[in-house]
Structure formats: C-alpha cells, structure tokens
Amino acid sequence: MLTALLILIPLAGALIAGLMKGKSSGFMAVLFSVIQLIVTAYMIFHFQKDASIQFSMRHSWISSLGIEFYVGVDGISIIMLLLTNLLFPFILLASNRQENIQRPAFYALALLMQAGLVGVFVSLDAFLYYIFWELALIPIFFIMILWGQKNSQRITLKFFIYTLLGSLFMLAGIILVYMKAGQQSFSVETFHNSRLSPDDQQLIFWLFFAAYAIKIPIFPFHTWQPSAYTSAPAAGTMLLSGIMLKMGLYSLLRWLLPVTSIAAMQNSNLIIILCLVGIVYGGWIAVNQYNLKTLFAYSSLSHVGLIAAGIFAMNMQGIQGSLIQMLSHGINVVGLFYIADIIYSQTGTLMVKELGGLRLRAPHFAGLFMIILFGSVALPLTNGFIGEFMLLFGLFDYNHWIALFAGTTIIIGAIYMLKMYQHVALGEGSGFASLFSEVTKNDKMILIPIAAMVIIAGIYPLPLIELSEASVAKLLETISANSIAK
Amino acid sequence: MTDLIWLIPVLPLLGFCLITLGGKSIPRSAAGIIASAAIFCSFILSVGTFSQSLDPSFQAYTVKYFTWFRAGDFSIDFSFLADQLSLLMLLIVTGVGFLIHVYSIGYMHDDEGFNRFMSYLNLFVFFMLLLVMGANYLILFIGWEGVGLCSYLLIGFWYKNNDYNYAARKAFVMNRIGDLGLLLGIFLLFNEFGSINYNEIFAMAPSRAAGSDLLPVITILLFIGAIGKSAQLPLYTWLPDAMAGPTPVSALIHAATMVTAGVYMVIRSNILYTLSPDTQTVILIVGMATAIFAASIGLKQNDIKKVLAYSTVSQLGYMFIALGVGAYTAAFFHLLTHAFFKALLFLGSGSVIHAMGGEQDIRRMGGLKKYLPVTHITFLIGTIAIAGLPPFAGFFSKDEILAELFSKNPLLWILGIVGSLLTAFYMFRLYFLTFHGSFRGTEDQQHHLHESPKSMTTPLIVLAVLSAIGGFIGLPVVFGENANWLHHYLSPLFVAGDQFVEHHAHLSHATEWGLMAASVALVAVTILIARNIYIQKKKLPVDDVSEKGFERVLARKYYVDEIYDAVFAKPFMMLSNVFHYLFDVLIVDGIVNLSGAAAMGLGKMFRKVQSGSIGFYVFMMVLGVIIMLAVNYLI
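Residues numbered from 1 in each chain as written. Chains lettered and ligands numbered in written order. Predicted model: local features only at pLDDT ≥ 70, side-chain atom pairs only at ≥ 80, totals over all residues. Heavy atoms only, no water.

**Re the overall build of chain A**
Next, step 1: Helix and strand content of chain A: 20 helices and two strands.
Next, step 2: For 486 residues, the compact-globule formula gives about 23 Å, and the C-alpha radius of gyration of chain A, at 21 Å, lands near that figure.
Next, step 3: Taken over the C-alpha atoms alone, chain A extends approximately 70 × 55 × 45 Å along its principal axes.
Next, step 4: Taking all 486 residues of chain A together, the buried fraction comes to 68%.
Next, step 5: Long-range pairs, those at least 24 residues apart, make up 82% of the contacts in chain A between residues at least 6 apart in sequence.
Next, step 6: Carbon together with sulfur atoms contributes 68% to the accessible area of chain A, which is approximately 15000 Å² in total. (Helix = DSSP H or I, 4+ residues; strand = E, 2+ residues; numbered from the N terminus. Rg over C-alpha atoms; globule rule 2.2 N^0.38 Å. Buried < 20%, exposed > 50% of the residue type's maximum accessible area, 1.4 Å probe, protein only. Contact = heavy atoms within 4.5 Å. Areas by Shrake-Rupley, 256 points an atom, 1.4 Å probe, with all protein chains shown as cover.)

Here it is in structure tokens:
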C-alpha cells in the first residue's frame, strides 16, 4: 500500500503543481516531495532488514496476458527509493533559482518523472516496469528540450532516440523471456526462475544490456551524455546524472543478472573491460575539459563505469559497493551540478579558465564545494570512499589486474578535480570571477545538507549497508543457482 | 586512561570544528588558544597512557568503538591500538605538535587567515593521530589520506598564489599514486589473511609465510605507499615544492610527523618485512639511493627551506636504510631524533625568514647570529645534531644505523658515511652562510632584523634541549648491555620476527668504538672544510645562471621535475585531447551519428516503396507469405 502511495504522491503533486501559478507551484512541488521523503523515511524505519519483499501490493491488471500491478520493496529497492526521494526536494529547491522556466509545467514534469523513477524501482512485474521505464523518459525529454540551451533540440532528440532505441531492445527481451518461460506471467519471480537455455540467455542478455548500457552509460554507448549534460537545464542535468542513470544500474541487478545469469557470467569479462575503459578514458578526458558541466559529465562516465564494473564482479563487495556508491554518486553529482549552476548564474560562464578566485570572494561556498569535491575524489571519511573502496575490492576479488587498472581512478580523479578546483576557486581571479559573491541562504540550505551527507555517510555508513545486505546476499544466491545450466 | 584514549584524536577534531564553525565570532587570540589547548590536552592524555606502559606488566591493548563498514565477510572496525610503538608516536605527534602550535601563534600572527591556519593544524593532528592509533590498516589509511588532505590544504594555504596551489595539487596527486599501492596491498592482505587487523595478521604471518608467494608482493605494495608519503625516489619531488606552505607546516607535516608515516607503517608491519627479505633489499636500495641523491642536491640549494627539504628527503632515506637491514628500532630512533632536530631547524629557519621579512635566499643573509641570538644557538644545536656529532641526538641514531650497516656489509657503511658527510657539509654551509660573515641583505632588512617573540623562541629552546639530549634514550651497547632504553621498551614489537632473523655476531666493542671515532673524525673534518670555504675564504654561492657543469645539474636538482614533466605530465595532457577530439567526438560519436544518418537514409529509400500501387503491395504480401512458409518448413 505504501509503495503504491509513493507513486501516487508525486502524480498528485504533478497535477496540483501543474494547475497552480508561478512560484506557488514550486512551493507545492517541494511540499509534495517532502511528504514523499517523509513516507520514504517511515518505510525505511519500518523496513525489516531481511531479504523479503515488503510493503508489496499485487493486483491483476491485464489478466489475459498475466500482466499485474505488482509493486514492492526489498533491500535493493529501498536504497534506490532513498536515493530518488532524498534528492528530489533538493533538485526541486535548486530549480527555484531558474528564471527562464515556466514553473508550473516544469514542476509538473519533474514530479511526473519522480513517479516514473519510483515506479521503475518498485515494479515487480516486468511489463509494469517497462511502462515506468518509458514514463520516466518523457518528462526529462520535455524538460531538456523546453528549457535547455539554444542548441539543445538536436542533442535532446539524439538522446531521446538513442535511449528509446535501447528500450525497444529491452521490450523485445522482456517479451522473449515471457514467451520462453511460458508461465503467462511477467512477475519478477517468474523471470528469476525462468532459467532459459544458455543460447536464449545470450540473446536476451544483449537485448536488455543495450537498454542499460545506453542509459548508464557504459563505454562506447556514452556519447549522448556529455552534450546532453552540458545543454540541459541545471535541474535536467541533476535528474539525469543523479537519479536517472541509476535506473540502468539498478536494472542490471533486478532484471539482468538474475534472469540471464549464465550469459552474465560468460560476458562479465567483456563488460567489465568496457567499464574499465570508461573509468580510465572518462577520467582522462575530464582532465582537459574546460566546461564545468562537460567535465562533470566525463567524470560521471568514469564513476558509473566503476559502479557497473563492480556489479558485474558479481560478489558481495562489488554489489553492496555499487548500491552505496549509487547513493553517494547521486548526492555528490547533484551537489556538483548545483555548484556549477550557481557559478553560471552569478558569472555567466562555465569555462574554468575564465574563473578563479571564488574562494577569495565566497569562502563558505568554496568550503562546501571542497567538501563535496573530496567526496567525489573518495577521500576516507566521505561517502565516496566507502563505495569506491568496496567496488575496487569487489573487482580485486574478481581479478587483481582489473582492480589495479580501475584503481587508477583514485589518481586520475584527484588530478581532474583538483585541477578544476584550482582554476575555479583558487588564485586571485579576474573578469568573470569579480561578479561572484557569497551564496545566499537558500543556496546554503541546499549545499550544507549535501555536504553534511557526504561526511555522515562516510563516517557511519553501516545503517545503509544493513538495509541492503540481506537482499544482496539473496541476489547472489539466485545468480549462482541460476548460473548452473538446467 | 584506557577508556579515554579516544579523546586523544577527538580533542583536536573538536578544536577544528569549533574554530571552523565559529567563523568570525572567534577572535584570533581565542583560536590560537583553543587549537593549542586541544593538542595540549591530547599530549597530557598521551603522557598518562604512556606512563602506564612503563609498568613491566603492561600489555598492548585494542579498543573497538564501532563497525565502520562491512561487505560479506569483510568487516572493518573503528578501533584503536595502544602499544609501545603507537604510544611513542603519540608523544611525538602531540608533543612536537603542541610546540609548533604555540610557535604558529607567533609566526602567523599577522596573517589574515590565522584562524583557518590553526584549524587546519588541528585537523592535521587529528588525522595523524588516527594514522598512528588505528588498530587495522584501514584506519591507518584514513589517517594516511587525511594527512594528505591537510598537507594539500596547508601547502596551498596562501591560495591566492597559483604556484603554491600547484605545489599543493602536486603533493596530493603524487601521494595518491603511492596510496593506490597501499590500497592494493590492503586488499591483498585481506585475501591472504582474511583480516586487516594488525593483531590477527601479525599472529598468522609466521605460519603463513613459508608457502606464500604473496608476502613479497604485499610488502612491496605497502612500501609503494610509503614511497609516496615519505618522499622517496622516485616519488619525492612533491616534498621540496611543499615548502610553499607556511614554515610551521614544513616543520610539523613535512619534517617531523606526516612524512615519517611510511617509516611508521613499515615498523608496524615489521614481521611481514622480516619475512620478505627481497623486499628488504628493495627498501635498502631505495633508501640508500634517496639518502645520497637528495643530500647531493642539498649541496647546491640556496633557499634555506629547500636545503632543509632535501635534507628531510635524505634523512628519511636513512630511516629506510635502517628498515632495509631490519634495524626497526634504529629506524624509529632516527625518526624520533629527526622529529626533534628537523622541527627545530625548520622553526629556526622560520624565525630567520620572519626576521628577514620573508627572504629565504641564504645568499642575501649572513651575520645573523648577533641579531638573532636565541635562533642562532638553537639552530646551531640542530645543525650539530643532524651532522652527527656526539653527544647530540642525531649522532646516536645515525651511529646505530651505521653500525647495523657495517655488521651487514662494510661497503654499505661507506655509502652511509658518504651520505652523512654530505649532510654535514650542506648543513654547515647553510649555517655559516646564514649566521656568520657579514649581512648581505638590503639596509631596510637590516634595519628590521629582530629576534622573534617568546611564543616562537620558547619552542625553539625546548626542541633544542630535546635535540641535545634526546639521543640518550638509545645509547649504544658499548655503554652497557642495558644502556639502550629504546631497544628495551620497543622489544615486544619485534618478538615475533626475531626468530626469523639470522643473528650475526655483535660487533666487538673495539670495532664499535672505532667506527664511532672514524665517523666523528670524518664529520669534524668535513665541518672544517665547510668552515674553510665559507668563513675563511668567504666564498659565496654564485647566481643561478652562472652555475657550470655538474654544479649546475645539482643546482637544478638533476632536472628531475623537467624530466617528469616531459615524460609523464605533457603526454598525459596530450593524450587527453587525443582521446577527446579524435576518439570520442570523431570516431565513437561519429559512428553513432552515422548510424542515425543511415537510418534516415533508409527511411527515405523505403518511402519510395510506399508508392500507393495496390499491385505492388499484393506482390510483396505474397512474397512475404512464401518466405514465411519456406522458413517454417526449413526449420
């Protein structure tokens, strides 16, 4: 019941915010997202820390095909819900500073997207899951195309077609599993127990993988990302990078590894190597990027490459680490893109070479920036370290050499982040930088909690780990059981 | 005391939080007092805990606070270990740390970022204490990277200057290269032992070692971490640049404490190293090469802090030499005495720079002894201590290392002596040029020459006393079997490893006296040579541009920075552009766009198919049915 409520609250919010006018629509949207967060917190508080599916709801929907409205939450979903519903109030608040948007439409679209995202993370029926998957895409398409930079139409269209193409492959995959399993059901249990032949699994694996590789993105399916992040409005970039790409990572855990375990085992080497290329290559390119948002986009390619690689290591450390890191990456990247937006709105530029001296003019801003930055650089006692450590350790278990190459991310990450910080915040600064002044209370209301989360989750991450560890263990059991050919 | 040791690191952390969050509402005077008081309380607690350990019945103990994080069977506790090694380190960190805090109150008094400076110092001490108190390799790693962060923040303390910012960044990145080695070493330790807790690993190590190929790999990986943090070849170039930070930072972080973390880590893991003789050889070679290489650069530097920086690199090399021959106590002894005399020398140089109005070039100093009497005497004591004349601290610790080298191989002893003579020469060159002769600065500078305030000279005096007498805790065996207190105190740490060490015969007392006499005589001669050159002949170092031949190579530090830049930094940046423009935009994205264009093209082509001619549609339909039937039949 509560799970369905989590889909309904943002839908209702979208409706109401869409009908209101001007700033009050923003207020209403934030209000709904806070209610959503409170409900989520309530669920986390009452969540039994075991592997069972909780708060579930199951109704027949299109009974002739066995399609159900089947939603519920396990330890993996709950982390994703926390990620989505924790970040949304911040993202909505952050959009408050945007001047050139039609607020009611924007907030309605954003909340509609939240409903789609939550739906993806709680759906336990593959068909329902697919509907939410596509539902989440439509609002972000409009947000990007309506309020992006001048050249955003072409870029947005490319993003849309590219991801839609991937989704269609996935749809074909879902239908194939449904038919091959022959149980007249799309439920997650049916899918997990389908145990198809290795040949079928190969085909289905690649059909699903196409959708996820584009969404995450995994090298070489990433080229939509830098331009999309750069041209999208701030809120759009935060939604994309903070939450939406985690749809793909989450789906690997829920719909790919347990359904096509044999194929996943066979292909894991190849996929991990692709991820590895993304980790090093993304970071390496980020070193010489001078547009802040493009830089963060390539850095994101590097970070999510590590998360995906950890998932394909298919061990406790890798998968547990991927969940922690999805949460941490979401928090950090939203913080970083928000910072980029503050800089842009105050100085009118995102080019790091044109900035400098911000610390001199805005020490609080620079301090908060630094905390979030070191979270991203994975300094111990920040959230980034916990996830990155577990992921690297998971990869180390998988193969020592892969961990060595993936580990270079801690060096390259330090290079591009500190270089960027020096150009943007340190030094005397001139020109554009002189336009910058200390951030307002509203900005601090967003940056301080984010910085606090960076540190708190770095010092005491155990409650988060406890939420998901039983479900991850069960997932690993399912994978290993399914990886033995019937 | 046992239940209070968590306060030792937490107090400096609280100091940091208070000063940072207090912001402008905390006046300078209060910030200085808060920061110093926090360290002082930690020092008192450390002394209390240490005094308990002097009881013969003292047993090392571990205190667990909470589980930090876990994944499957991998679980990491937030726990502290109190044993002889960590307790002595606590004394050094909080003791020297406190003195440097007090000194900073005077030194940084007029800086607009005073509060920020004091808070960073507190944060540094917090991480350094975590590093030495942690009961497993991951708590060590928190401290390890944390002190790296503080080093970054403090090197770039004057962040308006982009050269300083660059030096800060360089330090952080070079350290991270080493940190990756350390991290992989920790992974491998867990793979091998199923734990990363010191107690469990060291207990298991002797029985596992026999059949393990991994131990040499583990120890090398950990050592790579030490190379980065302790500025050894080839990752040392960040340390001389780190002198961009305010001088108290150089004293505390880049001389006395942080850079010795690598030495501490190897001593902590001594059993693993004892069991990996090949790694020990590597350490010996790296240490020896660094000691001599850095000392030779020190000969031709004219920046007072740069001389001390290369000297630090070189002295750290000596500690690794000791580690390389398995003389862990000697390494620790040198770590301890070096903390005293190098902190003293840096603070002394700070006092000089303070008096000279920011001038750091010794070619523009000279004759300062009459203007800065306290600084002069204390600096002289530090110089004698590092040069290795008895009975000052550096003599005993260096002598112990040299004796260990001799008993291993007389050739090693000679190399060690060469390094120590170079040290004596460049240190006395520095001393003579700075304090003797006539003043070579501007009149304006001469007019303003003054001894530093009490808050600065008092720490100098305390450190000078420690540098003078600190060596007596480790007297050589020739003074009696039990003369060496340090050996006795630290011995529980090395019990497990002792059985694996081939006990070569002790040097005879006659040999040991002989070695000591030889080294003292050689050092004395070297000092006289330096005196002859720089006082009697009044020779001055030439301008940078007129250096010739090998001297120029030395003055330019063997061009290592230039080589690194050409071999690593430039190609790295160039490849970044190649990847971006050539590969990412042109090829990968090109293919994506091309397939998009192809789809459009196909669309145009098939549009012609939809011609509206019914006949054509029927034809296609029949063709389709036939194909389907055929496929069905064939499969």
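Structure's up, so let's keep going.
**Re empty space enclosed by the protein**
Next, step 1: Summed over all chains, the structure comprises seven cavities of 30 Å³ or more.
Next, step 2: Considered as a void within the structure, the largest cavity measures approximately 100 Å³ in volume.
Next, step 3: Elements with a contribution of two residues or more to the lining of the largest cavity: helix H12 (292–313), helix H13 (316–347), helix H15 (363–376) and helix H16 (383–398) of chain A.
Next, step 4: The leading source of residues in the lining of the largest cavity is H13 of chain A, at six residues.
Next, step 5: Grouping the amino acids of the lining of the largest cavity by side-chain chemistry returns four nonpolar, nine polar and one charged.
Next, step 6: Of the voids in this model, the second largest cavity is the one considered here, and its volume is about 70 Å³.
Next, step 7: Around the second largest cavity sit Ala 378, Phe 385, Glu 388, Phe 389, Leu 392 and Ile 410 of chain A together with Phe 141, Glu 145, Arg 176 and Leu 183 of chain B, which together line it. (1 Å grid on protein atoms, 1.4 Å probe; cavity = no way out; pocket = protein on both sides within 12 Å on 5 of 7 lines; lining within 4 Å. Points joined across faces, edges and corners; volume = space filled by probe spheres on them. Nonpolar A, V, L, I, M, F, W, Y, C, P; charged D, E, K, R; others polar.)

**Concerning the packing of aromatic side chains**
Next, step 1: If you walk through the whole model with that rule in mind, you get 82 aromatic pairs over all chains.
Next, step 2: With centroids separated by 5.9 Å and ring planes inclined at 75°, the aromatic side chains of Phe 374 of chain A and Tyr 152 of chain B adopt a geometry described as edge-to-face. Highlighted residues: Phe 374 of chain A in helix H15 and Tyr 152 of chain B in helix H5 (residues 137–155), drawn from two different chains.
Next, step 3: Ring centres of Phe 66 of chain B and Phe 78 of chain B lie 5.1 Å apart, and the angle between their planes is 25°; this geometry places the pair in the stacked category. With Phe 66 of chain B in strand S1 (residues 61–71) and Phe 78 of chain B in strand S2 (residues 74–82), this pair connects stretches of sequence that are 12 residues apart.
Next, step 4: A residue is classified by how much of its surface remains accessible, and Phe 78 of chain B, at 10% relative accessible area, is buried.
Next, step 5: Stacked on the ring of Trp 133 of chain A, the Lys or Arg Lys 215 of chain A has its end atom at 4.8 Å from the ring centre. (Phe/Tyr/Trp six-rings, centres within 6.5 Å; stacked < 30°, edge-to-face > 60°. Lys NZ or Arg CZ within 6 Å of the ring centre and 35° of its normal.)

**Section: the interface of chain B and chain A**
Next, step 1: Contact with chain B, which involves 53 residues of that partner, is made by 59 residues of chain A.
Next, step 2: Surface buried jointly by chain B and chain A totals about 5200 Å² across both partners, of which 71% is contributed by carbon and sulfur atoms.
Next, step 3: Viewed at the interface, chain A and chain B are joined by three salt bridges.
Next, step 4: For Lys 158 of chain A, the salt bridge is made with Asp 589 of chain B, and the minimal N-O distance between the two is 2.6 Å.
Next, step 5: At the junction of chain B with chain A, the criterion picks out 22 residue pairs in polar contact (both at pLDDT 80 or more).
Next, step 6: Contributions of two or more residues to the side of chain B that touches chain A are made by S1, S2, helix H4 (114–133), H5, helix H6 (162–193) and helix H24 (560–609) of chain B. (Buried area = accessible area lost by both parts, 1.4 Å probe. Salt bridge = Lys/Arg side-chain N within 4 Å of Asp/Glu carboxyl O. Polar contact = N/O pair within 3.5 Å; in protein donor to acceptor, adjacent residues only side chain to side chain.)

**Remarks on the packing of helix H17 (residues 393–408) of chain B against helix H22 (residues 509–536) of chain B**
Residues and elements named next belong to chain B.
Next, step 1: It is the contact of H17 with H22, at a shortest axis distance of 10 Å, that shows an interaxial angle of 120°. Classed by the angle they form, the pair H17 and H22 counts as oblique. In this structure, H17 meets H22 at a crossing whose hand is right-handed. Where H17 approaches H22, its residues Phe 395, Asp 399 and Phe 406 are matched on the opposing element by Thr 511, Leu 515, Met 516, Ser 519 and Val 520.
Next, step 2: The residue inventory of the contact of H17 with H22, partitioned by class, reads five nonpolar, two polar and one charged. (Axes fitted to C-alpha atoms, helices over the stretch in contact; angles between N-to-C directions. Parallel < 35°, antiparallel > 145°, perpendicular 65-115°, else oblique. Left-handed = near helix turned anticlockwise from the far one by under 90°.)

**What to know about the confidence of the model for chain B**
Residues and elements named next belong to chain B.
Next, step 1: With 97% of its residues at a pLDDT of at least 70, chain B reaches an overall mean of 88.
Next, step 2: Between the elements of chain B, mean pLDDT differs from a low of 74, seen in helix H25 (residues 614–634), to a high of 95, seen in helix H11 (residues 261–268).
Next, step 3: Predicted complex, confidence summary: ipTM 0.92, pTM 0.92. (pLDDT = per-residue confidence, 0-100.)

**Overview of the pattern of salt bridges**
Next, step 1: What the rule picks out here adds up to 17 salt bridges over all chains.
Next, step 2: With a closest N to O distance of 2.8 Å, Asp 561 of chain B and Lys 170 of chain B form a salt bridge. Linking Asp 561 of chain B in helix H24 with Lys 170 of chain B in helix H6, this pair joins segments that are 391 residues apart in sequence.
Next, step 3: For Lys 170 of chain B, a relative accessible area of 14% corresponds to the buried category.
Next, step 4: Across the pair Asp 361 of chain B and Arg 363 of chain B runs a salt bridge whose closest N-O atoms are separated by 2.9 Å. Each member of the pair, Asp 361 of chain B together with Arg 363 of chain B, is buried.
Next, step 5: Residues participating in the shared-partner salt-bridge network are Lys 49, Glu 466 and Glu 469 of chain A together with Arg 70 of chain B.

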